[in-house]
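# Chains, contacts and geometry: an overview
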Amino acid sequence: GEAIAALLLSLKVRKPCIRYQRSSDVAFQISESLYRLTYCQGEGLFATERGSIEPLVLILDRTSDPVTPLLTQWTYQAMVHDLLGIRNNRVDLTSKSILSKVPKDQSQVVLSSEQDEFFKK
């Protein structure tokens with residue numbers, strides 16, 4: 001909170017409008033600290049003239065990442081590669097925990113649109 005308050009003071013802006021991610025305890029604690037520094041202890045430190053900018057401070061928790069799942073490829077081949085692994089168009093099921101459920105003759109499967117009806121579509 002102190003570093004953000006110092007940045008705001010150096011920019012000579014008015015007291016900020018503070019918003020934080022509701023689901024994050026860390027974001028709440030930082031926003032509370034910043035609020036105390038700017039509104040309770042920082043009387044007279046921030047700009048008050050009308051022309052000064054009122055900043056919006058948005059505090060987000062980096063552990064919450066809603067974008068990464070959207071960046072994953074959604075093709076059949078990409079999902080098989082992410083979940084099972086593909087090497088030379090072969091899916092090797094021997095290295096995964098599902099080995100006990102797979103018959104021995106199907107431990108390696110060739111991923112081909114000619115043989116796989118689902119992959120063909």
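Let me begin by describing the structure that accompanies this report. None of the values given here were measured: they were computed from a predicted structure.

### Overview of the side chain of Gln-21
Positionally, Gln-21 belongs in the loop between β1 (17–20) and α2 (25–40). Looking at Gln-21, the relative accessible area reads 15%, which means it is buried. A polar side-chain atom of Gln-21 sits 3.1 Å from a polar atom in the side chain of Ser-23. Leaving out residues up to four positions away in the same chain, Gln-21 has contacts with Ala-27, Ile-59, Leu-60, Asp-61 and Ser-64.

### Looking at the nonpolar core
One finds Ala-5, Leu-8, Val-13, Ile-18, Ala-27, Leu-34, Val-57 and Ile-59 forming the largest nonpolar core, which totals eight residues. For this core, the secondary structure elements donating two or more residues are α1 (2–10), α2 and β2 (56–59). Setting aside chain neighbours within four positions, we find Ile-59 in contact with Ile-18, Arg-19, Tyr-20, Gln-21, Ala-27, Ile-30 and Ser-31.

### Considerations on a nonpolar patch on the surface
Among the surface-exposed residues, Trp-74, Met-79 and Leu-83 lie close enough to one another that they form a single nonpolar patch of about 380 Å² accessible area. Of note, Trp-74 is situated in the loop between β2 and α3 (76–83).

### Overview of the packing of aromatic side chains
Enumeration over the complete set of coordinates arrives at two aromatic pairs. Considering the side-chain rings of Tyr-35 and Tyr-39, the 5.0 Å spacing of their centres and the 20° angle between planes classify their relative orientation as stacked. Of the two residues, Tyr-35 and Tyr-39 are both situated in helix α2; the distance of four residues between them amounts to about one turn of the helix.

### Some points on unusual backbone geometry
Its identity as a non-glycine residue notwithstanding, Asn-88 has a phi of 55°, on the positive side. For Asn-88, the location among the structural elements is in the loop between β3 (86–87) and β4 (90–92). Positioned with a positive phi, Asn-89 is a non-glycine residue whose angle comes to about 60°. Assessed through its relative accessible area of 41%, Asn-89 is described here as partly exposed.

The rules behind these values
- Residues numbered from 1 in each chain as written.
- Predicted model: local features only at pLDDT ≥ 70, side-chain atom pairs only at ≥ 80, totals over all residues.
- Heavy atoms only, no water.
- Helix = DSSP H or I, 4+ residues; strand = E, 2+ residues; numbered from the N terminus.
- Buried < 20%, exposed > 50% of the residue type's maximum accessible area, 1.4 Å probe, protein only.
- Polar contact = N/O pair within 3.5 Å; in protein donor to acceptor, adjacent residues only side chain to side chain.
- Contact = heavy atoms within 4.5 Å.
- Core = buried A, V, L, I, M, F, W, Y, C linked by side-chain atoms within 4.5 Å.
- Patch = residues over 30% accessible without salt bridge, like charges linked within 9 Å, V, L, I, M, F, W, Y side chains within 5 Å.
- Areas by Shrake-Rupley, 256 points an atom, 1.4 Å probe, with all protein chains shown as cover.
- Salt bridge = Lys/Arg side-chain N within 4 Å of Asp/Glu carboxyl O.
- Phe/Tyr/Trp six-rings, centres within 6.5 Å; stacked < 30°, edge-to-face > 60°.

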